[in-house]
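Residue-level structure breakdown
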Amino acid sequence: MNSKKPMGQRVKEFVIDYKRQWEIQSMVIPGIIFMIIFCFIPIYGLTIAFKSYTVIDTLDSAPWVGLDNFRIILSDKYFWDAVVNTLGISFLKLAIGFVIPIILSVMIYELSGGRFKKIVQTISYLPHFLSWIVLGGMLIAWFSSSGMFNEILLNLGIISKPVNILLDANKYWWIATLSDIWKEAGWGTILYLAIMSKIDPTYYEAAKIDGASRMRQIWNITLPNMKPIISLNLILTVSGLLGSNLDQTLVLMNSQNRAKAEVINSYVYRMGMTQGDFSYATAVGLGVSIVSVILLISANKVSSKLNDNQSVL
């Protein structure tokens, strides 16, 4: 409705609102200054994606090369291999990892007994606080030829001789997906549990009087109330499909599984930091950012269509 008002009237209303709430509005100013200095001014550095930049150049002195770096990307086989790996791992995480926190949060919410419920919640959160350096070291030890995983499979008779799974490139996508779910599933339940705690208990009492089973209450009361936060998480997850976890990749990737482990972020890191091709790495990063924004807007459009034209963002 405000968009139909003349610009002068909207500015006048903004000034009046600001004067009325200046104490609260002023609290936003440090955040805006922080974003300008550390988020918007560095955007100027993206110009090196269109230059032939080296460490002896400055941003202004490096020669312009136009779209040459982007043409090199399109013909780079290793870049497209990284794109395939990124999409493969991201879609597995989306298909499996997005649903598990929802199921886990409903299970925790349905638990009776305050102390036991808090213990389960705390245990599920713990892996999130461990860095990928620690978790990666644990996984490397467990999956080694003499590790715990091989001992279990040998004792169960599933394998006849030990194998190092992290050296098998064909299994890397699943290792990356399942280890990420193990680390983040519990942490992902926080928002869902917060929204479930706001559901009016009278809904459940009325459902019990009507004879609704526990599963029927979850389906007709709990899940519909979680729909806005599920939509928001889905939009953010889809927009991050091209941004696979760099820390996880750098820890678990080795020379044997590199063909299936190399993702866009690790490729950009390798090209920029270890080979010094900053212009190429920046061009890749810029292209990924543009695609991510397109995915974000598309996911928001689809979500609004599924939620009676109510946009989450």
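The rules behind the values
Residues numbered from 1 in each chain as written. Predicted model: local features only at pLDDT ≥ 70, side-chain atom pairs only at ≥ 80, totals over all residues. Heavy atoms only, no water. UniProt positions renumbered as here; feature names shortened; annotations may be inferred. Helix = DSSP H or I, 4+ residues; strand = E, 2+ residues; numbered from the N terminus. Rg over C-alpha atoms; globule rule 2.2 N^0.38 Å. Buried < 20%, exposed > 50% of the residue type's maximum accessible area, 1.4 Å probe, protein only. Contact = heavy atoms within 4.5 Å. Lys, Arg positive; Asp, Glu negative; His and termini not counted. Charge placed at Lys NZ, Arg CZ, Asp CG, Glu CD. Salt bridge = Lys/Arg side-chain N within 4 Å of Asp/Glu carboxyl O. Expected span 1.5 Å × (residues − 1). Core = buried A, V, L, I, M, F, W, Y, C linked by side-chain atoms within 4.5 Å. Phe/Tyr/Trp six-rings, centres within 6.5 Å; stacked < 30°, edge-to-face > 60°. Lys NZ or Arg CZ within 6 Å of the ring centre and 35° of its normal. Axes fitted to C-alpha atoms, helices over the stretch in contact; angles between N-to-C directions. Parallel < 35°, antiparallel > 145°, perpendicular 65-115°, else oblique. Left-handed = near helix turned anticlockwise from the far one by under 90°. Nonpolar A, V, L, I, M, F, W, Y, C, P; charged D, E, K, R; others polar.

Per an unreviewed UniProt entry, the protein chain is named Protein lplB, and its organism is Paenibacillus odorifer. Regarding the protein chain, the relevant UniProt record gives this comment under Subcellular location (unreviewed entry): "Cell membrane". Under the heading Sequence similarities (unreviewed entry), UniProt records this for the protein chain: "Belongs to the binding-protein-dependent transport system permease family."

So, on to the overall build of the protein chain. For the protein chain, the count of helices and strands is 17 helices and zero strands. In terms of overall size, the protein chain is more extended than a compact globule, its C-alpha atoms giving a radius of gyration of 25 Å where 313 residues would be expected to give roughly 20 Å. Across its three principal directions, the C-alpha atoms of the protein chain cover 80 × 75 × 35 Å. Looking at the 313 residues of the protein chain, the share that counts as buried comes to 34%. Sequence separation of 24 or more characterises 63% of the internal contacts of the protein chain that already satisfy a separation of 6 or more. Here the protein chain contributes 26 positively and 20 negatively charged side chains, and the mean placements of these two sets differ by 6 Å.

With that settled, the discussion passes to the UniProt feature "transmembrane region" (unreviewed entry) in the protein chain. In this numbering, the UniProt entry assigns the feature "transmembrane region" (unreviewed entry) to residues 28–50, 87–111, 123–143 and 278–297. Secondary structure across residues 28–50 divides into 52% helix and 0% strand, with the first and last C-alpha atoms of the span separated by 35 Å. Overall, residues 278–297 shows 100% helix and 0% strand. The separation of its end C-alpha atoms is 29 Å.

Taken as a whole and judged by the stated rule, the model has nine salt bridges. Among the ionic pairs, K171 bridges to D168, the shortest N-O distance being 2.8 Å. Here K171 falls in the partly exposed class, since its relative accessible area comes to 41%. Assessed through its relative accessible area of 26%, D168 is described here as partly exposed. A salt bridge links R258 to E262, with the shortest nitrogen-to-oxygen separation between them at 3.6 Å. You can call R258 partly exposed: its relative accessible area is 33%. For E262, a relative accessible area of 6% puts it in the buried group. What emerges from the salt-bridge pattern is a single network uniting R258, E262 and R270.

As a further point, take helix α10 (residues 172–184). Look at α10: 18 Å from first C-alpha to last across 13 residues, which is about the 18 Å you get at 1.5 Å a residue. By the burial criterion, the buried members of α10 are Y172, I175, A176, T177, S179, D180, I181 and K183. The inward-facing, buried residues of α10 abut α5 (77–97), α6 (99–110), α8 (132–143), α14 (246–252) and α15 (258–261).

The residue T282 is located in helix α17 (residues 278–306) in this model. With a relative accessible area of 17%, T282 lands in the buried category.

For the rest of this paragraph, the subject is the nonpolar core. Counting 21 residues, the largest nonpolar core has F98, I102, Y192, M196, M226 and I230 as its most contacted members. Counting residues per element, the ones that place at least two in this core are α6, α11 (189–196), α12 (201–209) and α13 (214–239). Ranked by residue count, the leading element in this core is α13, at seven residues. With residues near it in sequence (within four places) discarded, M226 still touches I102, S105, V106, Y192, I195 and M196. Counting 17 residues, the second-largest nonpolar core is a separate cluster that includes F70, L242, Y267 and A283.

Under the counting rule described, the total for this entry stands at 12 aromatic pairs. Where Y267 meets Y280, the ring centres are 6.3 Å apart and the plane angle is 80 degrees; that geometry is what we call edge-to-face. With Y267 in helix α16 (residues 264–274) and Y280 in helix α17, the pair connects residues that are 13 residues apart, well separated along the chain. In terms of burial, Y267 and Y280 fall into one category: buried. Joined through ring pairs, the aromatic side chains of F79, W80, Y267 and Y280 make up one cluster. For the cation-ring pair, K77 lies above Y78, with the distance from its terminal atom to the ring centre recorded as 5.5 Å. Here the guanidinium or amino end of K260 rests over the ring plane of W173, the centre of that ring lying 5.2 Å away.

Where α13 meets α17, the closest approach of the two axes is 8 Å, and the angle between their N-to-C directions is 155 degrees. Here α13 is positioned roughly antiparallel relative to α17, judged by the angle of their axes. The crossing of α13 and α17 is right-handed. Across the interface between the two elements, S231, I235, V238 and S239 of α13 pack against S292, L295, L296, A299, N300 and S303 of α17. Taken together, the residues that form the contact of α13 with α17 break down as five nonpolar, five polar and no charged.

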